[in-house]
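Okay, here's what each chain looks like letter by letter:
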Amino acid sequence: MALELDQIEARAGAFVLSADLTVAAKQRVAIIGASGSGKSTLLDVIAGFRQPTSGAVRWLGQDITKLSPNQRSVSILFQDTNLFPHLTIRQNLALALNPATGRLRAGDDDRIEASLTRVGLSGFADRHLSAMSGGQQSRAALARVLLQDRSILLLDEPFAALGPALKTEMLDLVAEVAAAEALTVLLVTHDPQDARRFASHTIVVEAGQAMSPKDTEDLLNDPPEGLRAYLGEG
């Protein structure tokens, strides 16, 4: 069972993205390529933010191409944490559970605390972002995503603004959570070391063409010409 992008073509103005690939369920996959190559467009198609002009997106055999983002088993974490600074962490996470009202129902407090504990933030529910470090804010954003309880997690460089040690810490945390929750994860990154650390397989996106996933170590040890030039190894 898998995430399938079957002969996808998607347009963003004059830019065209093509993808014909499969990602196995529960796999952690990196997406790497130059700026403007189509990495974020690829995530947008999977998440449902952009409708392809042709082709189909399938998850576990179901065609989800026409489903809206909230109808898909997909969550996405951006570099912007999507947390509201004027709300407490509890209030922010309540919006993940009840987007329309943000009101807590029976059992929601327990779910929120369990999610915060899962990411190492037990006892942080009543804090505001201003009282938290960048790493703690990233953990809170991850907790919010986990509360959505979806099978596919898309990461659009959410830890790029963190220092190297914190970024490594967050990648390891996501890998641990993904294994425990049986998540399928796609990570956009510019850093080949992130791909090596996090992902068993890597998708190269070059000039609007998303390639099929390849073994990360094999790919980075012997990159194709375009990736070699991007990595400065030409």
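Definitions and cut-offs
- Residues numbered from 1 in each chain as written.
- Predicted model: local features only at pLDDT ≥ 70, side-chain atom pairs only at ≥ 80, totals over all residues.
- Heavy atoms only, no water.
- Phe/Tyr/Trp six-rings, centres within 6.5 Å; stacked < 30°, edge-to-face > 60°.
- Lys NZ or Arg CZ within 6 Å of the ring centre and 35° of its normal.
- 1 Å grid on protein atoms, 1.4 Å probe; cavity = no way out; pocket = protein on both sides within 12 Å on 5 of 7 lines; lining within 4 Å.
- Points joined across faces, edges and corners; volume = space filled by probe spheres on them.
- Helix = DSSP H or I, 4+ residues; strand = E, 2+ residues; numbered from the N terminus.
- Nonpolar A, V, L, I, M, F, W, Y, C, P; charged D, E, K, R; others polar.

Undergrad: Explain the packing of aromatic side chains here, please?
TA: Between two aromatic rings, the relevant description is the distance of the centres plus the angle of the planes. In this structure the tally under the stated criterion is 0 aromatic pairs. When the ring centre of phenylalanine 198 is taken as reference, the NZ or CZ atom of arginine 28 above it lies at 5.2 Å.

Undergrad: Whenever I open this one, the layout of surface pockets confuses me. Can you help?
TA: One simple way to see leftover space: roll a probe sized like a water molecule over the atoms. Empty space within the largest pocket amounts to approximately 360 Å³. Taken together, 20 residues form the lining of the largest pocket, with Ser75, Ile76, Arg144, Gln148 and Arg150 sitting closest to its centre. Elements with a minimum of two residues in the lining of the largest pocket: β6 (74-78), α2 (89-97) and α4 (134-147). A total of 5 residues in the lining of the largest pocket trace back to one element, the largest contributor, which is β6. Partitioned by chemical class, the residues of the lining of the largest pocket number 13 nonpolar, 5 polar and 2 charged. The volume enclosed by the second largest pocket comes to roughly 210 Å³. Considering the residues around the second largest pocket, the lining is formed by 13 residues, among which Val145, Leu146, Leu147, Asp149 and Glu181 are closest to the centre. Along the lines of polarity and charge, the residues of the lining of the second largest pocket split into 7 nonpolar, 2 polar and 4 charged.

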